[in-house]
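Overview (structure and organization)
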Amino acid sequence: MEKIKQSSAMGTFYFEDKKELLSQLKTIFSHEKVYDVESRAIIVPHAGYVFSGALAAKGYQCLKKTIKNIFIISPVHYVPIDEVTLCSYDFFKTPLGTIPVNKDIVADIVKHFGAQVSDIPFEKEHAIEVQIPFIQYLYEDVRIIPVLASGNQVEKISNIIKKYYKDEENAFVISTDLSHFHTDVEAKKIDKITAEMIEQQDLSGFQSEQACGSTGLCAAVDFAKANQYSFIRIGLTNSAAVTADKDRVVGYGAWMLQEMTKSEFIKEYFSPFAISVCYKSIAMGLNNKKLDAQVELKVIPPVFDELGASFVTLKTDGSLRGCIGSIIAHRPLIADLINNASAAAFQDPRFAPLTEDEFDNLDISISLLSAPMKIEFSGEQDLLQKIKPFEDGIIIKDGAHQAVYLPSVWEQLPEKVMFLNSLKQKAGLRPDYFSKTFEAYRFSAIHIDG
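Quick caveat, the model's predicted, so the values are computed rather than measured.

**Considerations on the packing of helix α1 (residues 18–28) against helix α2 (residues 49–60)**
Packing of α1 against α2 brings their axes to within 9 Å, and their N-to-C directions diverge by 50°. For the element pair α1 / α2, the angle class is oblique. The handedness of the crossing between α1 and α2 comes out as right-handed. Across the interface between the two elements, L21, Q24, L25 and I28 from α1 touch Y49, V50, G53, A54 and A57 from α2.

**Describing the sheet that holds strand β17 (residues 393–398)**
Judged by pairing direction, the sheet is antiparallel, and its four strands sit side by side in the order β16-β19-β17-β18 without closing on themselves. Of all strands in the sheet, those bounded by a partner on one side alone are β16 (373–374) and β18 (401–405). Two strands pair when backbone bridges link them, and β17 and β18 are joined in this way by five bridges, in the antiparallel orientation. Residue pairing in the sheet places I394 in a bridge with Y405 of β18. Its contacts with the sheet put helix α15 (residues 416–426) on β17 and β18, and the angle it makes with β18 is roughly 130°.

**As for the side chain of Q136**
Locating Q136 in the fold gives a position in helix α5 (residues 132–138). Overall, Q136 belongs to the buried group, its relative accessible area being 15%. Those residues in contact with Q136 that sit more than four places away from it in its chain are T94, L96, G97, T98 and I99.

**Some details on the packing of helix α3 (residues 103–113) against helix α6 (residues 154–165)**
The interhelical angle for the contact between α3 and α6, taken along N-to-C directions, is 125°, at an axis separation of 12 Å. Taken together, the axes of α3 and α6 lie oblique to each other. In the packing of α3 onto α6, the handedness of the crossing is right-handed. Facing I105, D108, I109, H112 and F113 of α3, the residues of α6 in contact are K156, N159, I160, K163 and Y164. Residues belonging to the contact of α3 with α6 are distributed by class as follows: five nonpolar, two polar and three charged.

**A word on α3**
For α3, every residue scored as buried is listed here: I105, V106, I109 and F113. Taken end-on, α3 shows its buried residues confined to a sector of 105°, consistent with a single buried face. Counted as exposed and oriented over 90 degrees from the buried face of α3: D104 and K111. Its side-chain oxygen 3.2 Å from the backbone nitrogen of D104, N102 forms the N-cap of α3. One or two positions beyond α3, positive phi appears at G114, with a value near 65°.

**Section: the sheet that holds strand β1 (residues 4–5)**
If you walk across this open sheet you meet the three strands as β1-β5-β6, and the pairing is mixed. If you trace the sheet from one side to the other, it starts and ends with β1 and β6 (97–100), each paired once. When strand β5 (residues 91–94) meets β6, the two strands line up antiparallel, connected through four bridges. Within the sheet, the bridge partner assigned to F91 lies in β6 and is P100.

**Brief notes about the layout of surface pockets**
In this structure, the largest pocket encloses a volume near 1,000 Å³. Taken together, 32 residues make up the lining of the largest pocket; nearest its centre are Q200, Q201, T261, S370 and A371. Within the residue set of the lining of the largest pocket, elements represented by two or more residues are α7 (184–200), α10 (262–286), β15 (362–369), β19 (439–443) and β20 (445–449). The biggest single contributor to the lining of the largest pocket is α10, with four residues. Looking at the lining of the largest pocket residue by residue, the classes come out as 17 nonpolar, nine polar and six charged. Computed from the structure, the second largest pocket encloses a volume of approximately 700 Å³. Lining the second largest pocket are 27 residues, and of these T313, L320, C323, L406 and S408 sit closest to its centre. Among the secondary structure elements, those contributing two or more residues to the lining of the second largest pocket are β13 (309–316), β14 (319–325), β15, β18 and β20. Tallied by class, residues from the lining of the second largest pocket come to twelve nonpolar, eight polar and seven charged.

**A word on empty space enclosed by the protein**
The final tally for this structure, using the stated rule, is one cavity of 30 Å³ or more. In this structure, the largest cavity spans a volume of roughly 50 Å³. In this structure, the largest cavity is lined by A41, I161, Y165, F172, I174, A220, F223, F231 and L257. For the lining of the largest cavity, the secondary-structure elements that each account for two or more residues are α6, β9 (170–175) and α8 (214–226). Residues of the lining of the largest cavity, tallied by class, amount to nine nonpolar, no polar and no charged.

**Some remarks on the nonpolar core**
Grouped together as the largest cluster of nonpolar side chains are 117 residues, with contacts concentrated most on Y35, I70, F92, I109, F134 and F304. Ranked by residues supplied to this core, first place goes to α10 with ten residues. The residues touching I70, leaving out its near neighbours within four places in the chain, are L63, I135, Y139, V142, R143, I144, I145, A171 and V173. The next biggest cluster of nonpolar side chains, apart from the first, holds 19 residues, and it includes F377, I394, Y405 and L429.

**Section: the packing of aromatic side chains**
Taken as a whole, this structure holds 25 aromatic pairs when the rule is applied. For the pair F390 and W410, a centre-to-centre distance of 6.1 Å together with 35° between the ring planes defines the contact as tilted. Here F390 is found in the loop between α14 (380–386) and β17, whereas its partner W410 is found in the loop between β18 and α15, with 20 residues between them in sequence. Ring geometry for Y405 versus F419: centroids 5.4 Å apart, planes at 70°, classification edge-to-face. With Y405 in strand β18 and F419 in helix α15, this pair connects stretches of sequence that are 14 residues apart. Comparing Y405 with F419, the two get one shared label, buried. Each member of the aromatic cluster is reached from another via a ring pair, and the members are Y14, F29, Y49, Y60, F134 and Y137. Note that K163 overlies the ring of Y164, its terminal NZ or CZ placed 5.4 Å from the centroid. Above the ring of F181, the side-chain terminus of R248 is found at 4.1 Å from the ring centroid.

Conventions we followed
Residues numbered from 1 in each chain as written. Predicted model: local features only at pLDDT ≥ 70, side-chain atom pairs only at ≥ 80, totals over all residues. Heavy atoms only, no water. Axes fitted to C-alpha atoms, helices over the stretch in contact; angles between N-to-C directions. Helix = DSSP H or I, 4+ residues; strand = E, 2+ residues; numbered from the N terminus. Parallel < 35°, antiparallel > 145°, perpendicular 65-115°, else oblique. Left-handed = near helix turned anticlockwise from the far one by under 90°. Contact = heavy atoms within 4.5 Å. Pairing = 2+ DSSP bridges. Buried < 20%, exposed > 50% of the residue type's maximum accessible area, 1.4 Å probe, protein only. Nonpolar A, V, L, I, M, F, W, Y, C, P; charged D, E, K, R; others polar. Arc of directions from axis to C-beta. Polar contact = N/O pair within 3.5 Å; in protein donor to acceptor, adjacent residues only side chain to side chain. 1 Å grid on protein atoms, 1.4 Å probe; cavity = no way out; pocket = protein on both sides within 12 Å on 5 of 7 lines; lining within 4 Å. Points joined across faces, edges and corners; volume = space filled by probe spheres on them. Core = buried A, V, L, I, M, F, W, Y, C linked by side-chain atoms within 4.5 Å. Phe/Tyr/Trp six-rings, centres within 6.5 Å; stacked < 30°, edge-to-face > 60°. Lys NZ or Arg CZ within 6 Å of the ring centre and 35° of its normal.

Okay, structure coming up:
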């Protein structure tokens, strides 16, 4: 006899009536896509549809359309568990009908990962059930694998994602809300920190209170980092946007996985936008104005709201006309591009401010920088051995002296010794200088030409 899990979320988290639910889904899926790309892993909220349904739908719009199995990785809100938990149900039922569970994959997870099977934690778990109507609305022939996780199961969930992600017919939905029951101002601060941790792939200091689905979220980020993938922001909001109650809010965020770095993603899909922002910033500067992105730009892709470090390089007639940038990502990329473009045009101390006549003949290029990584070395020769020509950007530091060369500088200085000695001179040091306090960092850069 088939076991069917009846919905415990209908009538509370979404409409119990099929027509009303379909109408609601049609409305929230009618909004324009944030990104016209496909993903096989998304992080989406699981609150009531009136609160977070529109944001969740934007995440689902990125989910690959040809997948056959969707893992829903969820926290537990009602029944404590000590182990990764799956269910024995054959189907989950919502007002839109039933959706089958892939029992073969369930059995495989139990066999290879020591997970337990128990239906009790699933009985009232809305974080699973809220996701199902989205899936039913978009897919006719798909099976789900509901997975409950909590506590110290991050590594196991990460390994589960690693094993089953290899099959391109599999996709993953990480079900989580963000901060809970702070004021609107506090929630925005906390959720901003959480978003930056996800996007910078740095979970040091992460607290479980930052997201109720923290286990799945952290596991997904660990998986992305291990494979040099990235979670790209889709949006951030909270319940106050709907209720206007700013005293006790719940935060929501959505991201999609891309099998490339964030900089590679921006170059592939948003190079013209990034270059246009720089041109607009300089054009405004020629009129003694600063580009206000929220006013002047009709649409800002959410990935540009993520922290980013960039260098903006200007040339006229093939000759350098200005170059200013950021080594460390410390502000949203959109702001970094706007400020660096303006500074390269009007504040580079090597050049006079750009003129209107020069603007018409201006070529702009952008370098998007990765986070610097410290190079450990025993001496100058060891450092030279570890530097990778034409690949590494290099930052050197010693006391108050500091300088940086982008990877593109290797084209002018192709020899390691020449490159390093020139960088020392840029930092105000002698070419033959070295000391025990000398530090070096490497970074990579993705180059975008205008």
